[in-house]
Amino acid sequence: MTNHEAAVAAPRLNFAKAAPKAFKALIGFDAAARQDLDPALVELVQIRSSQLNGCAYCLHMHTTDARKAGESEERLHMVALWREAAHFFTAEEQAALALTEAVTLVSRGGVPDDVYARAAAVFDETRLAGLLALIFTINTWNRIALSTAKVPGTDERAA
């Protein structure tokens, strides 16, 4: 049985309905996190974290959102290999992607000083705090989607 078949056969918890206060709080935290950040940067961070966490549901959602916002297919294809394709991304985007990887994979050695310093060099404190909060929220959203077996391509935000 595939994951999709399993999800259809035995749907898991609907987190938004089962924990509405926690869900609403996370939506508020997410909105506050992105407040001072460029929307294109927000999507790149969410895409990279979703790739690292193996969250197809969120990856589909955020690549779709990025396309709707005008992001190029070329850049979307390069996010997973942004270091090798650095010329596709600004210095700010590169710093944000490096920080996203370090925070998302924090159990593999923490957030190295050089990665943090790189981000601190291109983001003021307010935007750096927002970026960190954004990374925290996408990692939480990824974990919710993975834990509750959300099916990629079924964006439930409008539901």
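Residues numbered from 1 in each chain as written. Predicted model: local features only at pLDDT ≥ 70, side-chain atom pairs only at ≥ 80, totals over all residues. Heavy atoms only, no water.

Details of the overall build of the protein chain
For clarity, the cut-off: In this text, helices come from DSSP runs of H or I with a minimum length of four residues, and strands from runs of E with a minimum of two, each type numbered from the N-terminal end. Each radius of gyration is computed over the set of C-alpha atoms, and the globule rule expresses the reference value as 2.2 Å times the number of residues to the power 0.38.
The number of helices and strands found in the protein chain is nine helices and zero strands. Each helix and strand of the protein chain, placed in order from N terminus to C terminus, yields the pattern α-α-α-α-α-α-α-α-α. A compact globule built from 159 residues should have a C-alpha radius of gyration of about 15 Å, and the protein chain, at 16 Å, falls within 12% of that. Across its three principal axes, the protein chain shows a C-alpha extent of roughly 50 × 35 × 30 Å.

Side note on the environment of A95
Quick note on the threshold: To sort residues, take the accessible area from a 1.4 Å probe on protein chains only and compare it with the maximum for the residue type: under 20% means buried, over 50% means exposed, and anything in between is partly exposed. When checking whether two residues touch, look at their non-hydrogen atoms; a contact exists if any pair is within 4.5 Å.
Locating A95 in the fold gives a position in helix α7 (residues 91-104). Taking the relative accessible area as the measure of exposure, A95 reaches 0% and is therefore buried. Between the C-alpha atoms of A95 and A117, which are 22 residues apart in sequence, the distance is 9.1 Å. Setting aside chain neighbours within four positions, we find A95 in contact with R118, A119, V122 and F123.

Brief notes about the packing of aromatic side chains
By convention here, two paired aromatic rings are described through the distance between centres and the angle between planes. Spelled out, the test is: Classification of ring pairs rests on two measures: the distance between centres of Phe, Tyr or Trp rings, Trp counted by its six-membered ring, which must be within 6.5 Å, and the angle between planes, read as stacked under 30 degrees, edge-to-face over 60 and tilted in between.
Throughout the structure, instances matching the rule amount to two aromatic pairs. Ring geometry for F23 against W141: centres 5.4 Å apart, planes inclined by 75 degrees, an arrangement best described as edge-to-face. Of this pair, F23 sits in helix α3 (residues 20-34) while W141 sits in helix α9 (residues 125-147), placing them 118 residues apart in sequence. Given a relative accessible area of 24%, F23 falls into the partly exposed group. Each residue in the set F15, F23 and W141 is aromatic and connected to the rest through ring pairs, giving one cluster.

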